[in-house]
Amino acid sequence: NNLGQIVGDFWTDEHGYNCEHGFLWEDGIMTDLGSATKAFAINDPGQIVGYRTASNVGPRIAFLWEDGVMADLGEGIMPLAINNLGQVVGYRWVTGATRHAFLWEDGVMTDLGTLGSGNSFAYAINNLGQIAGTADNLPVIWSP
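No experiment lies behind these values; they were computed from the predicted model shown.

*Asks:* Can you help me understand the overall build of the protein in this one?
*Replies:* When its secondary structure is counted, the protein shows zero helices and 14 strands. Walking the protein from its N terminus toward its C terminus, one meets helices and strands in the order β-β-β-β-β-β-β-β-β-β-β-β-β-β. Relative to the compact-globule value of 15 Å for 144 residues, the protein shows a C-alpha radius of gyration of 15 Å, a close match. By principal-axis analysis of the C-alpha atoms, the protein measures approximately 45 × 35 × 25 Å. Of the contacts formed within the protein by residues at least 6 apart in sequence, a portion of 26% connects residues at least 24 apart. Carbon and sulfur atoms form 53% of the exposed surface of the protein, whose accessible area is close to 7500 Å². Between the averaged position of the 5 positive side-chain charges in the protein and that of its 16 negative side-chain charges there is a distance of 11 Å.

*Asks:* How should the packing of aromatic side chains be read in this particular structure?
*Replies:* Think of a pair of aromatic rings as described by two things: how far the centres are apart, and how the planes are tilted against each other in angle. For the coordinates displayed, the defined rule picks out five aromatic pairs. Ring plane angle 45° and centroid distance 6.3 Å describe the contact between Phe 10 and Phe 23, whose orientation is recorded as tilted. Linking Phe 10 in strand E1 (residues 6-14) with Phe 23 in strand E2 (residues 17-26), this pair joins segments that are 13 residues apart in sequence. Given a relative accessible area of 21%, Phe 10 falls into the partly exposed group. Here a set of aromatic residues connected by ring pairs shows up, and it is made of Tyr 91, Trp 93, Phe 121 and Tyr 123.

*Asks:* Looking at this structure, how should I read the sheet that holds strand E9 (residues 88-95)?
*Replies:* Working definition: the strands of a sheet are paired by backbone hydrogen bonds and lie parallel or antiparallel to each other. Pairing is antiparallel in the open sheet, where four strands are placed in the order E8-E9-E10-E11. The open sheet is flanked by strand E8 (77-82) and strand E11 (108-113), the only strands paired with a single partner. Here the strands of the sheet are splayed against their neighbours by 30° on average, with no regard to which way each runs. Pairing between E8 and E9: five bridges, direction antiparallel. Following the sheet pairing, Ile 82 is matched in E9 by Val 88.

*Asks:* Would you mind going over a nonpolar patch on the surface with me for this structure?
*Replies:* A contiguous nonpolar patch, built from Ile 6, Trp 25 and Met 30 and spanning about 290 Å² of accessible area, is present on the exposed surface. Judged by its relative accessible area of 43%, Ile 6 falls in the partly exposed class.

*Asks:* For this particular structure, what's the right way to read the side chain of Gln 47?
*Replies:* For Gln 47, the location among the structural elements is in the loop between strand E4 (37-42) and strand E5 (48-54). Polar contacts involving the side chain of Gln 47 include one to the side chain of Glu 66, which spans 3.3 Å. The residues contacting Gln 47, other than those within four sequence positions of it, are Ala 41, Ile 42, Leu 64, Trp 65, Glu 66, Ile 82 and Gly 86.

*Asks:* Explain the pattern of salt bridges to me, please; I cannot follow it from the model alone.
*Replies:* Under the counting rule described, the total for this entry stands at four salt bridges. Across the salt bridge formed by Glu 20 and Lys 38, the nearest N and O atoms sit 3.1 Å from each other. Taken together, the residues Glu 20 in strand E2 and Lys 38 in strand E4 connect sequence positions 18 residues apart. Here Glu 20 falls in the buried class, since its relative accessible area comes to 8%. Among the salt bridges present, the one from Arg 92 reaches Asp 111, with a minimum N-O distance of 2.7 Å. In this pair, Arg 92 is assigned in strand E9 and Asp 111 in strand E11, connecting sequence segments 19 residues apart. In this structure Arg 92 comes out as partly exposed when scored by relative accessible area, which is 23%. Taken together, the salt bridges that share partners define one network made up of Asp 9, Glu 20 and Lys 38.

Thresholds, definitions, all that
- Residues numbered from 1 in each chain as written.
- Predicted model: local features only at pLDDT ≥ 70, side-chain atom pairs only at ≥ 80, totals over all residues.
- Heavy atoms only, no water.
- Helix = DSSP H or I, 4+ residues; strand = E, 2+ residues; numbered from the N terminus.
- Rg over C-alpha atoms; globule rule 2.2 N^0.38 Å.
- Contact = heavy atoms within 4.5 Å.
- Areas by Shrake-Rupley, 256 points an atom, 1.4 Å probe, with all protein chains shown as cover.
- Lys, Arg positive; Asp, Glu negative; His and termini not counted.
- Charge placed at Lys NZ, Arg CZ, Asp CG, Glu CD.
- Phe/Tyr/Trp six-rings, centres within 6.5 Å; stacked < 30°, edge-to-face > 60°.
- Buried < 20%, exposed > 50% of the residue type's maximum accessible area, 1.4 Å probe, protein only.
- Pairing = 2+ DSSP bridges.
- Axes fitted to C-alpha atoms, helices over the stretch in contact; angles between N-to-C directions.
- Patch = residues over 30% accessible without salt bridge, like charges linked within 9 Å, V, L, I, M, F, W, Y side chains within 5 Å.
- Salt bridge = Lys/Arg side-chain N within 4 Å of Asp/Glu carboxyl O.
- Polar contact = N/O pair within 3.5 Å; in protein donor to acceptor, adjacent residues only side chain to side chain.

Given below as structure tokens:
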């Protein structure tokens, strides 16, 4: 983000197997977000989006991490970006291998659907709420 905070993930050997940990790096200090987590993006207010699992197996549960508190956004959701307004975008599984782009805002998930018959993905959102992604492998901009 613009404050120099960085998020990502690292691996450790826990209980005899590799385990992923999301982290926040700030001012030379790394904060571990917990076992079996992965962090994807951070905004300027310091909100982090990612997912967690039970010991690196099982369903992925999307989260929004803020001030040390991890709030669940739901299962089967891949949050990829967050803007400074706290709007989250990514994709979610709707049926089988079909995925749809979504916008999560104020606790409400909005399915952005597809522009065709296939999958859609939202990869980025700016502070105007404009979303960049793909639908049926073509570039797409969703605009409020």
